[in-house]
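Here is how the chains run, residue by residue.
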Amino acid sequence: MTTLLHSMTPRQLINEAGDLVSLPEVCFRINQLADDPTSSAHEIGQVISQDTTLSARLLKIVNSAFYGFPGRIDTISRAITIIGTKELRDLALMTAACNLFNGIPSNLINMERFWHSSLACGVLARRLAEASQVLHPDRLFVMGVLHDIGRLVMFQQLPVPSRDILLISKGRDDLIVVAEREVLGFTHGDVGYELASDWLLPTPICSAIRWHHLPEQATTNLLECQLIYISNILADALVWDSDLKTEMERIQSGSWSLTGLTPAVCQQAVSELGNEIRELYAILMGQVQTPSAVRSPGR
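This text gives an overview of the structure that appears in the document.

The rules behind each value
- Residues numbered from 1 in each chain as written.
- Predicted model: local features only at pLDDT ≥ 70, side-chain atom pairs only at ≥ 80, totals over all residues.
- Heavy atoms only, no water.
- Helix = DSSP H or I, 4+ residues; strand = E, 2+ residues; numbered from the N terminus.
- Buried < 20%, exposed > 50% of the residue type's maximum accessible area, 1.4 Å probe, protein only.
- Contact = heavy atoms within 4.5 Å.
- Areas by Shrake-Rupley, 256 points an atom, 1.4 Å probe, with all protein chains shown as cover.
- Lys, Arg positive; Asp, Glu negative; His and termini not counted.
- Charge placed at Lys NZ, Arg CZ, Asp CG, Glu CD.
- Arc of directions from axis to C-beta.
- Disulfide = S-S within 2.5 Å.
- Phe/Tyr/Trp six-rings, centres within 6.5 Å; stacked < 30°, edge-to-face > 60°.
- Lys NZ or Arg CZ within 6 Å of the ring centre and 35° of its normal.
- Polar contact = N/O pair within 3.5 Å; in protein donor to acceptor, adjacent residues only side chain to side chain.
- Core = buried A, V, L, I, M, F, W, Y, C linked by side-chain atoms within 4.5 Å.
- Axes fitted to C-alpha atoms, helices over the stretch in contact; angles between N-to-C directions.
- Parallel < 35°, antiparallel > 145°, perpendicular 65-115°, else oblique.
- Left-handed = near helix turned anticlockwise from the far one by under 90°.
- Nonpolar A, V, L, I, M, F, W, Y, C, P; charged D, E, K, R; others polar.
- Salt bridge = Lys/Arg side-chain N within 4 Å of Asp/Glu carboxyl O.

## Remarks on the overall build of the chain
Along its length, the chain carries 19 helices and zero strands. In terms of overall dimensions, the chain has C-alpha extents of about 50 × 45 × 40 Å along its principal axes. Classification of the 299 residues of the chain by burial places 55% in the buried group. Of all intrachain contacts in the chain linking residues separated by at least 6 positions in sequence, the fraction that spans at least 24 positions is 68%. When the accessible surface of the chain is summed, it comes to about 13000 Å², and 51% of that surface belongs to carbon and sulfur atoms. Between the centroid of the 23 positive side chains of the chain and the centroid of its 32 negative side chains there is a distance of 4 Å.

## Looking at helix 2 (residues 10-17)
Buried within helix 2 are the following residues: P10, L13, I14 and A17. On an axial view of helix 2, the arc spanned by its buried residues comes to 95°, and they lie on one face. Buried residues in helix 2 make contact with helix 10 (149-157) and helix 13 (188-198). Count one or two residues on from helix 2 and you reach G18, which has phi positive near 55°.

## A short note on unusual backbone geometry
Not every positive phi belongs to a glycine, and L200 is a case in point at roughly 60°. Mapped onto the elements of the fold, L200 is located in the loop between helix 13 and helix 14 (203-210).

## A short note on the state of the cysteines
Scanning all chains against the criterion turns up zero disulfides. The thiol of C27 is not disulfide-bonded; the next cysteine sulfur, from C98, is found 11 Å away. For C27, a relative accessible area of 1% translates into the label buried.

## Points about the packing of aromatic side chains
A full pass over the atoms with the stated rule returns four aromatic pairs. Taken together, F66, Y67, F69 and F141 form an aromatic cluster joined through their ring pairs. One residue, R126, lies across the ring of F66, its end atom 4.3 Å from the ring centre. Over the face of the ring belonging to Y193 we find R210, whose NZ or CZ atom lies 4.4 Å from the ring centre.

## Focus on the side chain of S169
Within the secondary structure, S169 is located in helix 11 (residues 159-169). S169 gets classed as buried once you look at its relative accessible area, which sits at 1%. Of note is the side chain of S169, whose polar atom sits 2.9 Å from the backbone oxygen of I165. With near-sequence residues (within four places) excluded, S169 lies in contact with L175, I176 and A179.

## Topic: the nonpolar core
Grouped burial of nonpolar side chains is what soluble globular proteins tend to show. Core analysis: the largest hydrophobic core is formed by 103 residues, its most contacted members being L91, W115 and F141. Ranked by residue count, the leading element in this core is helix 8 (residues 111-131), at eleven residues. Excluding residues within four positions of it along the chain, W115 makes contact with C98, V145, I149, L152, Y281 and M285. Among the nonpolar cores identified, the runner-up in size contains five residues, and V177, W211, A218 and C225 belong to it.

## Comments concerning the packing of helix 5 (residues 52-62) against helix 7 (residues 85-97)
Across the interface, helix 5 lies against helix 7 with an axial gap of 10 Å and an inter-helix angle of 120°. Relative to helix 7, the element helix 5 lies oblique. For the pair helix 5 and helix 7, the crossing hand works out as right-handed. Residues L54, R57, L58, I61 and V62 of helix 5 pack against L88, L91, A92, T95 and A96 of helix 7. Taken together, the residues of the contact of helix 5 with helix 7 sort by class into eight nonpolar, one polar and one charged.

## Considerations on the pattern of salt bridges
All chains considered together, the criterion is met by 13 salt bridges. With a shortest N-O distance of 2.7 Å, D174 and R172 are connected by a salt bridge. A residue is classified by how much of its surface remains accessible, and D174, at 31% relative accessible area, is partly exposed. The class for R172 is partly exposed, based on a relative accessible area of 44%. For R210, the salt bridge identified is with D190, shortest N-O distance 3.6 Å. You can see R210 sitting in helix 14 and its partner D190 sitting in helix 13, a full 20 residues away along the chain. Residue D190 is classed as buried on the basis of its relative accessible area, which comes to 14%. Via salt bridges that share partners, D35, K86, R89 and D90 belong to a single interconnected network.

Right under this line is the structure:
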């Protein structure tokens, strides 16, 4: 069994998943228009508006406390002019991706906590990107939300090996990658990278997904990879009820120096999280979350 698994590649895993991990056709049309310098906000708005669920969720997101715009945004084309074409494209693809994975066994992963952790990572990544003076910090939100997407593919396509990985790592985030390589020969970052590439996501997002556990191995988009790496550790501590200070001790010294962040800045970012995560979860998942899904940062 192990030999067979080690002969599989992340690319083969994505190919075998097929339509189960394919984004709606509207997303590929949005991608084409976003990369076309002759397209207009109105054209992209028209395409997105053809998918009423997607357009409604996008408008709820841009009108949420997370963005905090002073006036209400009523149309997708208006949202594009405010947020930017590529930023809204990434947001649209992320929104569609969040609703792809259904039916994953609850004994493998608590999906509610998974998405709360992913959203916390995205919100924190945006805040830390601002602190690191990154250009267009909003794009870090999408990277953070999608950073663990490869795990869902593995849970969906390889439930038995995924259970073995959880047993070997004892569910510890810092041991997951080692266990994955032991069982499969590759990591969920590798799988997520292949999927993000299939979805034609921008290179910085693909890189951040691939290297969010191993940022020192990244060769491109180094700052983004480091920010998602740090945000992932903070988000897991928040959502999975670990001690924040203890978890921050895992952060590599090179990550602090490259980002210019400090433990104090990170702790402040966590403490300032309000209800954005709960609100975003309700929008993206189309349901109300339970109060226990995310603990208060002050606890």
